[in-house]
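Structural characterization, general
What follows is each chain in one-letter form.
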Amino acid sequence: MERTVFLIDMQSFYASFEKVYQMELEDKPVVVAGDPKIRSGVILAACPVAKKWGVKTAEALWEAENKCPHLTVIKPRMQAYLDASVEIASVMETFSDQVEPYSVDEIFVEMTHVLENYDSAYTAAYLMKRRIKRMLGVNARVGIGPTKVLAKMACDHFAKKTPEEIFTLSFSNLKKQLWPRPIGDLFGVGRRMEHHLRSIGIRTIGQLAGFPLEQMKKRWGLNGELLWHTAYGRDSSPVTVDTHIHRKGIGHHMTLPRDYYSWNDINIVLLELSEEVARRARANGYMGSTVTTGAGGHDFDLPAGFHRQHKLMDYTNDGTVIYQTVCRLFNKHWDGFPLRSIGITLDQLIPDAFRQLSLFHPVQDRERLNHTVDHLKNRFGSDAVLRASSLTSAGQASLRARKIGGHYK
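Everything in this summary refers to the structure shown in the same document. Only a predicted model underlies this, so the values are computations on that prediction, with no experimental measurement involved.

1. So, the nonpolar core
The biggest cluster of nonpolar side chains holds 50 residues, and the ones touching the most others in it are Phe6, Ile8, Met92, Val109, Met111 and Ile132. Among the elements that take part in this core, helix H4 (residues 78-92) stands out by supplying eight residues, more than any other. Judged by nonpolar contacts, the second largest core, of 31 residues, contains Ile250, Leu256, Phe330 and Phe337.

2. A word on the side chain of Asp9
The residue Asp9 is located in strand E1 (residues 5-10) in this model. For Asp9, a relative accessible area of 10% corresponds to the buried category. In this structure, Asp9 is in contact with Asp105, Glu106, Asn139, Ala140, Arg141 and Cys155, ignoring residues within four places of it in sequence.

3. A few points about the sheet that holds strand E8 (residues 166-168)
Ordered by their spatial adjacency, five strands build an open sheet running E5-E6-E1-E7-E8, and the pairing between neighbours is mixed. At either margin of the open sheet sits one strand with a lone partner, and together these are strand E5 (99-103) and E8. Each adjacent strand pair in this sheet contributes to an overall mean axis angle of 20°, direction not counted. Strands in contact with helix H6 (residues 148-157) are E1, E5, strand E6 (106-110), strand E7 (140-145) and E8; relative to E7, the strand with the most contacts, it is inclined by about 140°.

4. Quick notes on the side chain of Thr112
Of note, Thr112 is situated in the loop between E6 and helix H5 (121-136). For Thr112, a relative accessible area of 8% corresponds to the buried category. Within the structure, the side chain of Thr112 is placed 2.9 Å from the backbone nitrogen of Thr4, a separation counted as a polar contact. A polar contact is formed between the side chain of Thr112 and the side chain of Glu110, at a distance of 2.3 Å.

5. Considering the pattern of salt bridges
Under the defined criterion, the tally for this structure stands at 13 salt bridges. For the salt bridge of Arg3 with Glu110, the shortest nitrogen-to-oxygen distance reads 2.6 Å. Of the two residues, Arg3 sits in the segment before E1 while Glu110 sits in strand E6, which places them 107 residues apart along the sequence. Of the residues examined, Arg3 reaches a relative accessible area of 22% and is grouped as partly exposed. The class of Glu110 is buried, set by a relative accessible area of 7%. Residues Lys67 and Glu59 are paired through a salt bridge, measuring 2.9 Å at the closest nitrogen-oxygen approach. The buried category is assigned to Glu59, whose relative accessible area is 11%. Salt bridges here are not isolated pairs; linked through shared partners, they connect Asp9, Arg141 and Glu165.

6. Considering the packing of helix H8 (residues 191-199) against helix H10 (residues 213-231)
One can describe the packing of H8 onto H10 by two numbers: an axis separation of 13 Å at closest approach and a directional angle of 130°. Judged by the angle between their axes, H8 and H10 are oblique. H8 and H10 meet at a crossing whose hand is left-handed. Listed contacts from H10 to Met193, His196 and Leu197 of H8 are Met216, Trp220, Asn223 and Leu227.

7. Things to note about the packing of aromatic side chains
Geometry of an aromatic ring pair is reported as the spacing of the ring centres plus the angle between the planes. Tallying each qualifying case throughout the model produces 14 aromatic pairs. Taken together, a centroid distance of 4.3 Å and an interplanar angle of 10° make the contact between Tyr14 and Tyr81 stacked. Of this pair, Tyr14 sits in helix H1 (residues 13-21) while Tyr81 is found in helix H4, placing the two residues 67 residues apart along the sequence. Judged by centre distance (5.0 Å) and plane angle (75°), the ring pair of Phe306 and Phe330 falls under edge-to-face.

8. Details of a nonpolar patch on the surface
The grouping of Leu376, Phe380 and Val385 at the surface amounts to a nonpolar patch, some 240 Å² of accessible area in total. Mapped onto the elements of the fold, Phe380 is located in helix H13 (residues 364-380). Among the residues examined, Phe380 registers a relative accessible area of 54% and is labelled exposed.

Cut-offs applied
- Residues numbered from 1 in each chain as written.
- Predicted model: local features only at pLDDT ≥ 70, side-chain atom pairs only at ≥ 80, totals over all residues.
- Heavy atoms only, no water.
- Core = buried A, V, L, I, M, F, W, Y, C linked by side-chain atoms within 4.5 Å.
- Buried < 20%, exposed > 50% of the residue type's maximum accessible area, 1.4 Å probe, protein only.
- Helix = DSSP H or I, 4+ residues; strand = E, 2+ residues; numbered from the N terminus.
- Contact = heavy atoms within 4.5 Å.
- Pairing = 2+ DSSP bridges.
- Axes fitted to C-alpha atoms, helices over the stretch in contact; angles between N-to-C directions.
- Polar contact = N/O pair within 3.5 Å; in protein donor to acceptor, adjacent residues only side chain to side chain.
- Salt bridge = Lys/Arg side-chain N within 4 Å of Asp/Glu carboxyl O.
- Parallel < 35°, antiparallel > 145°, perpendicular 65-115°, else oblique.
- Left-handed = near helix turned anticlockwise from the far one by under 90°.
- Phe/Tyr/Trp six-rings, centres within 6.5 Å; stacked < 30°, edge-to-face > 60°.
- Patch = residues over 30% accessible without salt bridge, like charges linked within 9 Å, V, L, I, M, F, W, Y side chains within 5 Å.
- Areas by Shrake-Rupley, 256 points an atom, 1.4 Å probe, with all protein chains shown as cover.

What follows is the structure, given as structure tokens:
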């Protein structure tokens, strides 16, 4: 029996959700965007009416307002969106017991063993869309495929162009439907990889599929092999509730509220982010052996920045170790340009079930301190314990404690 996987994607989720609760906005162009005063004025979601004016997700708010002067801008309410996402997942669980939230507005559903209850996969998808619309008032589009990756690409690139916003991408039609598309549409190909692939003449997904596998592996290792198989729709990953828990890395990236010029200010944010990454690693039961950091410049027209990593001698989930490593990377690679974004990631994760003890670098006392601070923050809030430096004008920890996903709750 061939697998059948659905990916349900809420159309313009944040903006559509706000229109449901503010009926007077039904026919108006609406976007959900961050506050431009703190450098987060980016479009998070645009309703179909706004998109007709050319407004796009992820563009700057001022660009959207130039396109559509009478645009209605709503600040995000992340907790409300998360609650709605949980409710949508509960609706999906009435169809299948294998439901995997992929993001706030996307959900995978394994339908292989329950399709016998419906006339077809299309019928099941239509019923899902109708139930979501009745319960929450938002529209959904559905991608159907024999693997998760094909369901995802069916939803992203094809479903929105059909009358019912349902599309099936299968092994039998991917050569006709998927392969002619530009290489940037292949799941897993980011801007940097797209540039590399285009530089060797690969401009479509079909051209990648026809590229020798051994050369892909030679150039890009396991990632090259994975992309080659993705072009054929091959993906053995299951739909499970806890798939998202088995992470390759834990990181945190933030856009700064203003340009940071001095090392003293940048140093404060690096310490805060290092401790936040370490805390999340401990909360999920992980340690990591590679620290990655990056920074972005303040001028989009003259892009500047760096992205570097360092392999540790031992696995860690201690903020001090991460911070010291990040500082060394910054001291080596930051050339003094003003910063508008900083990110830190702990990679190469393993379960924090055991560790190699060292006679020369005792860490037991610091572990006890870390877990004590974690307990206090879990009980009283993430701003219950702060370093004094976080109370300065450069500190962001107290402000972030009142946000979800970078936006106020």
